[in-house]
Amino acid sequence: MSNTYVFIVFFAMIFLLILLVAKFKIHAVTSLFFVSILLGILIKTPINEIPKILNEGFGGTMKNVGIIILLGALLGEVMSNTGAVLKITQQFIKWFGKKHAIAAVGVSAYIMGIPIFPDTVSLLLIPMLTNLASETGISMMAFAGIVGIGVTTSSLVPPTPGPVAGAALLNLPLGQAIPWGIIVSIPGLIATIIYCKTLKKQVPLNDAYLKSSDENIKLPSFATSITPIVIPVVLIVLNTVINTIYPDSTLSSTFAFIGSPVIALTIGCLYAIISQVNNWWKNDDVKTNWIDKALLGAAGPVFITALGGSLAAFIKNAGVAEMLADMIINAHIPGIFVPMLIALLIRSITGSNTLGVTTAAALCQPMLASLGISPLAAYLSMCSGAVIVSHANSSGFWLVSTMCKLDVKDSFVAISGASAISGIFCCATTLILYFLGII
């Protein structure tokens with residue numbers, strides 16, 4: 001096979017993937033599965049080797065992400081149903097004051113974006129924010145923009161599917177992905193708060209939500225609500241720190257267990273259930289219903305991530321990554337821009353930041369050495385790029401715009417504008433860290 005042929009096939013398959021998802025609305029799981037097999041055939045992989053490569057790529061990735069994504073989905077399900085999400089937001093509004101409600105909601109959505117899908121956060125908060133807009137006079141456009149800040153942490157900080165997928169495919173420990181993801185996402189949060197404060201146009205409020213929230217509903221305390229998020233993050237980071245400072249010690253062995261992502265998230269889930277649900281051992285939701293919902297919610301992201309591993313296996317087998325890396329190097333393009341631009345492109349066309357990160361990781365992992373960037377730099381680059389563009393092909397865009405009763409123009413200004421500001425500042429932070437030699 002000539003290099004030219006391999007390049008044509010490679011780019012044709014990426015184009016086909018985008019076309020299937022964005023134009024024909026075929027599920028990303030089906031699209032990735034089909035494209036991976038077709039790529040294997042077209043690069044002349046021995047026909048009897050294709051199932052083996054497909055399964056090995058799938059299984060190698062699945063073992064690193066399957067349980068983690070499921071536990072993250074379960075934690076989000078518990079917190080959503082117990083009212084912990086509302087309590088965290090109410091507490092931040094109380095601390096910041098209603099005058100600074102935009103910042104309060106931003107910090108709250110930012111934190112909850114770590115374990116909970118952003119669409120779920122929006123679904124739970126917008127009725128309360130509609131009443132808050134009525135009380136304070138703050139534009140619903142501002143709340144529509146800031147409630148989506150959870151996309152930033154869900155793109156950069158595990159255990160949501162995108163960052164878990166990126167870290168797994170790049171062989172980056174979550175103990176590094178979590179703290180660096182938080183560091184890079186903070187400027188995005190600050191910039192988005194400032195941007196949303198400029199959105200002052202008054203729009204009609206959604207009457208269906210006015211006075212519909214029952215303030216008498218008993219919610220868990222703030223400490224009880226937020227601790228299930230804090231526990232896994234702290235344990236996973238401590239595992240990395242302690243094993244670096246005190247290797248081969250009893251303490252490091254202990255934290256290698258409790259600080260592993262699976263056990264840390266299990267502890268977080270158990271704490272959430274025990275502390276937030278009365279008589280949880282008798283509760284059918286706890287025993288069955290919430291787990292069923294978590295399984296359904298996690299299935300798609302898990303399979304997208306694992307099939308991204310299959311795609312990566314065929315790309316590596318074809319040697320296309322090395323060829324592409326050589327072309328980029330000869331063009332004198334700094335390697336740090338490559339994963340960022342790939343993730344941005346996939347996200348903007350397909351509307352899925354999970355697919356953007358997963359595809360970018362699958363494409364870039366085999367050529368990291370040639371690009372001259374570390375797995376951490378590549379991870380932060382692609383995760384930041386996947387934040388930037390949220391527009392009309394995203395389900396979250398229409399969920400927020402519909403619930404907030406925004407027209408299309410106002411939705412682009414509020415939702416797309418806020419997403420762009422957050423992503424640009426995350427990307428800028430990543431580039432600064434890279435060019436300073438920190439990552």
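These numbers come from a predicted model, not from an experiment. Sequence order sets the numbering: in each chain, residues are counted from 1 along the sequence as written. In keeping with the model being predicted, local features are shown solely for residues with a pLDDT of at least 70 and side-chain atom pairs are shown and tallied solely at 80 or more, while totals for entire chains, interfaces and linings include all residues. Heavy atoms from the whole structure form the basis of all side-chain values; hydrogens and water molecules are not counted.

**Section: the side chain of Thr160**
- Strands here are runs of E lasting at least two residues and helices are runs of H or I lasting at least four, both read from the DSSP assignment and numbered beginning at the N terminus. By the element assignment, Thr160 lies in the loop between helix 8 (150-156) and helix 9 (161-169).
- Excluding its chain neighbours within four sequence positions, the residues that come into contact with Thr160 are Gly113, Ile114, Pro115, Ile116, Thr153 and Ser154. Residue contacts are defined here by distance: any two heavy atoms, one from each residue, within 4.5 Å place the two residues in contact.

**Some remarks on the packing of aromatic side chains**
- Here a pair means two rings of Phe, Tyr or Trp (six-membered ring of Trp) with centres within 6.5 Å. Their orientation is stacked below 30 degrees between planes, edge-to-face above 60, and tilted elsewhere. Applying the stated rule across the entire model yields 10 aromatic pairs.
- Centroid distance Phe58 to Phe303: 5.6 Å. Interplanar angle 50°. Geometry classified as tilted. Residue Phe58 is found in helix 3 (residues 50-82), and its partner Phe303 is found in helix 14 (residues 284-318); the two are separated by 245 residues along the sequence.
- Here a set of aromatic residues connected by ring pairs shows up, and it is made of Phe92, Trp95, Phe96 and Phe222.
- In this scheme, the term charge over a ring applies when either NZ of a lysine or CZ of an arginine sits within 6 Å of the ring centre and within 35 degrees of the ring normal. For Lys44, the ring lying beneath its charged end belongs to Tyr5, and the centroid distance is 5.4 Å.

**A word on the pattern of salt bridges**
- Counted as salt bridges are all cases of a side-chain nitrogen of Lys or Arg within 4 Å of a carboxyl oxygen of Asp or Glu. What the rule picks out here adds up to 3 salt bridges.
- Between Lys98 and Glu135 there is a salt bridge, and its shortest N-O distance comes to 2.6 Å. With Lys98 in the loop between helix 4 (84-96) and helix 5 (101-112) and Glu135 in helix 6 (residues 118-136), the pair connects residues that are 37 residues apart, well separated along the chain.
- Exposure categories follow from relative accessible area, calculated using a 1.4 Å probe and restricted to protein chains: below 20% of the type maximum is buried, above 50% is exposed, and the middle band is partly exposed. Its relative accessible area of 43% is what places Lys98 among the partly exposed residues.
- For Glu135, a relative accessible area of 43% corresponds to the partly exposed category.
- A salt bridge links Lys287 to Asp284; the nearest nitrogen and oxygen atoms lie 3.8 Å apart. Taken together, the residues Lys287 and Asp284, both in helix 14 and 3 residues apart, mark about one turn of the helix.

**Focus on the nonpolar core**
- Judged by nonpolar contacts, the single largest core of 144 residues is most densely connected at Leu129, Phe143 and Met382.
- For this core, the element with the most residues is helix 3, which contributes 12 residues. Among the buried residues, those of types Ala, Val, Leu, Ile, Met, Phe, Trp, Tyr and Cys that are joined through side-chain atoms within 4.5 Å form a nonpolar core.

**A word on the packing of helix 16 (residues 337-350) against helix 19 (residues 375-385)**
- Between N-to-C directions, angles cover 0 to 180 degrees, with each direction set by a line fitted to C-alpha atoms, over the stretch in contact for helices. The interhelical angle for the contact between helix 16 and helix 19, taken along N-to-C directions, is 30°, at an axis separation of 7 Å. Compared by their axis directions, helix 16 and helix 19 come out roughly parallel. As for how helix 16 packs across helix 19, the hand of that crossing is right-handed. Counted together, Pro339, Met340, Ala343 and Leu344 of helix 16 and Ala378, Ser381, Met382 and Gly385 of helix 19 form the full contact between these two elements.
- Basically, the charged four are Asp, Glu, Lys and Arg, the nonpolar ten are Ala, Val, Leu, Ile, Met, Phe, Trp, Tyr, Cys and Pro, and anything else, Gly included, counts as polar. Grouping the constituent residues of the contact of helix 16 with helix 19 by class yields 6 nonpolar, 2 polar and no charged. Orientation labels follow simple angle bins: below 35 degrees gives roughly parallel, above 145 gives roughly antiparallel, 65 to 115 gives roughly perpendicular, and whatever is left gives oblique. Whether a crossing is left-handed or right-handed is set by the direction in which the near helix is turned from the far one by less than a right angle, anticlockwise for left-handed and clockwise for right-handed.

**Brief notes about the side chain of Ser419**
- With respect to the secondary-structure elements, Ser419 resides in helix 21 (residues 408-435).
- Classification of Ser419 as buried rests on a relative accessible area of 10%.
- Two N or O atoms count as a polar contact when they lie within 3.5 Å, although within protein this holds only if one can serve as hydrogen donor and the other as acceptor, and sequence-adjacent residues are included solely when both atoms are side-chain atoms. At 3.1 Å, the side chain of Ser419 and the backbone oxygen of Ile388 are in polar contact.

**Structural notes on helix 11 (residues 222-245)**
- Given a rise of 1.5 Å per residue, 24 residues ought to cover 34 Å, and the 33 Å separating the end C-alpha atoms of helix 11 matches this to within 8%.
- A residue's bend is simply the angle between two axes: one fitted to the seven residues ending at it, one to the seven starting at it. The largest bend along helix 11 reaches roughly 35° and is located at Pro228. Multiply 1.5 Å by the residue count of a helix minus one, and that product is the helix's expected span.

**A word on unusual backbone geometry**
- Cis geometry marks the peptide bond from Pro158 to Pro159, where omega comes out at 20°.
- With respect to the helices and strands, the residue Pro159 is situated in the loop between helix 8 and helix 9.
- Although it is not a glycine, Lys44 adopts a positive phi angle of roughly 65°.
- Along the chain, Lys44 turns up in the loop between helix 2 (28-42) and helix 3.

**Thoughts on the packing of helix 14 against helix 17 (residues 353-364)**
- Relative orientation of the contacting elements helix 14 and helix 17 amounts to 25°, with a least axis distance of 8 Å. On the basis of the axis angle, helix 14 is roughly parallel to helix 17. The element helix 14 and its partner helix 17 pack so that their crossing is right-handed. Listed contacts from helix 17 to Ile304, Thr305, Gly308, Ala312 and Ile315 of helix 14 are Thr354, Leu355, Thr358, Ala362 and Leu363.

**Focus: the state of the cysteines**
- Cysteine sulfur atoms that pair up within 2.5 Å are treated as a disulfide. Inspection of the entire model under this criterion finds 0 disulfides.
- Here Cys364 is not cross-linked by a disulfide; its sulfur's nearest cysteine counterpart is in Cys383, at 11 Å.
- The thiol of Cys427 is not disulfide-bonded; the next cysteine sulfur, from Cys426, is found 7.0 Å away.
- We classify Cys427 as buried; its relative accessible area is 6%.

**Concerning the environment of Val164**
- When you line up the elements, Val164 lands in helix 9.
- We classify Val164 as buried; its relative accessible area is 2%.

**Focus: a nonpolar patch on the surface**
- Residues qualify for a patch when their relative accessible area is over 30% and they have no salt bridge, like charges being joined within 9 Å and the nonpolar side chains of Val, Leu, Ile, Met, Phe, Trp and Tyr within 5 Å. Every accessible area reported is derived by Shrake-Rupley at a probe size of 1.4 Å, with residue values counting cover from the shown protein chains alone. Taken together, the side chains of Val241, Ile245, Tyr246 and Leu251 make up a nonpolar region of the molecular surface, amounting to roughly 370 Å² of accessible area.
- Along the chain, Ile245 turns up in helix 11.

**Looking at the environment of Gly57**
- Residue placement: Gly57 occurs in helix 3.
- Judged by relative accessible area, which is 10%, Gly57 ranks as buried.
- Residue contacts for Gly57: discarding those within four places in its chain leaves Ala306, Gly309, Ser310 and Ala313.

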